[in-house]
Amino acid sequence: DDPAAVKQLEQQLLQTEITQPAVLATDLALTRLLAAYGVSPDMVMGHSLGEYGALVAAGSLSFESALEAVSARGHEMASLTVEDNGAMAAVFGPLPEIERIMAEAEGYAVLANINSGSQAVVGGATVAVEHLLERFAAAGINAVRIPVSHAFHTRIVAPASEPLRELLTRLHITTPRLPLVSNVTGNLYPTEPA
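The present account deals with the structure reproduced in this document. (Residues numbered from 1 in each chain as written. Predicted model: local features only at pLDDT ≥ 70, side-chain atom pairs only at ≥ 80, totals over all residues. Heavy atoms only, no water.)

### So, the sheet that holds strand β3 (residues 109-116)
Taken in spatial order, the four strands make up an open sheet running β3-β4-β2-β5, and their pairing is antiparallel. Sheet topology places β3 and β5 (142-146) at the edges, where each strand pairs with a single neighbour. Strand after strand, the sheet turns through a mean of 25° between neighbouring axes, direction not considered. Pairing analysis gives six bridges linking strand β2 (residues 87-92) to strand β4 (residues 119-124), with the strands arranged antiparallel. The residue bridging A89 from the neighbouring strand is V122, located in β4. This element, helix α5 (residues 95-103), spans β2, β3 and β4 of the sheet and lies at about 175° to β3. (Pairing = 2+ DSSP bridges. Helix = DSSP H or I, 4+ residues; strand = E, 2+ residues; numbered from the N terminus. Axes fitted to C-alpha atoms, helices over the stretch in contact; angles between N-to-C directions. Contact = heavy atoms within 4.5 Å.)

Structural data, given as structure tokens:
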């Protein structure tokens, strides 16, 4: 009943070091809820952070290890000291048109995710993304800024990769019990753990 407290908690939840473990826990809670009703997947996949939940659902990674990994991932990203954390926006329109406008972007901005032929995510320097939002609007393409703490999937957060890589090499990853699609290659994970 306290609007100020709700606003403060919502702001905290938007911080990546809190968001990432919360999303993993939600993914796995939904997986377990579906299982309780007899719904089980024939195969699993997850995009970006969602791949950790997919690894757990496939039996390749324990929840505890996945939680350690996403907590470290969020911590490393939140600990970055950069002048501009960047921004991201979801863009809804024909991919060729999105790409055309992106090619004319001023400043650092990239197609961070291509989710379908009519929906993509752009990320980069805050000023560049804000400029792109104006360009998309002028072209009649719906684009909405995403409330994230950093421009994920861009070079802005790339420095977080190396410490995370070191952690990941320590985790015990096993052969998936279900077919598991890699969000990097689109291929199935190998059946031999490597």
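### Quick notes on the packing of aromatic side chains
On inspection of all chains with the given rule, the structure shows zero aromatic pairs. Taking the ring centre of F63 as reference, the NZ or CZ of R32 above it sits at 6.0 Å. Just above the ring of Y108 sits the side chain of R155; from NZ or CZ to the centre is 3.7 Å. (Phe/Tyr/Trp six-rings, centres within 6.5 Å; stacked < 30°, edge-to-face > 60°. Lys NZ or Arg CZ within 6 Å of the ring centre and 35° of its normal.)

### Description of the environment of A87
With respect to the helices and strands, the residue A87 is situated in strand β2. Apart from the residues within four sequence positions on either side, A87 is in contact with V122, G123, G124, T126, V129, R145 and A151.

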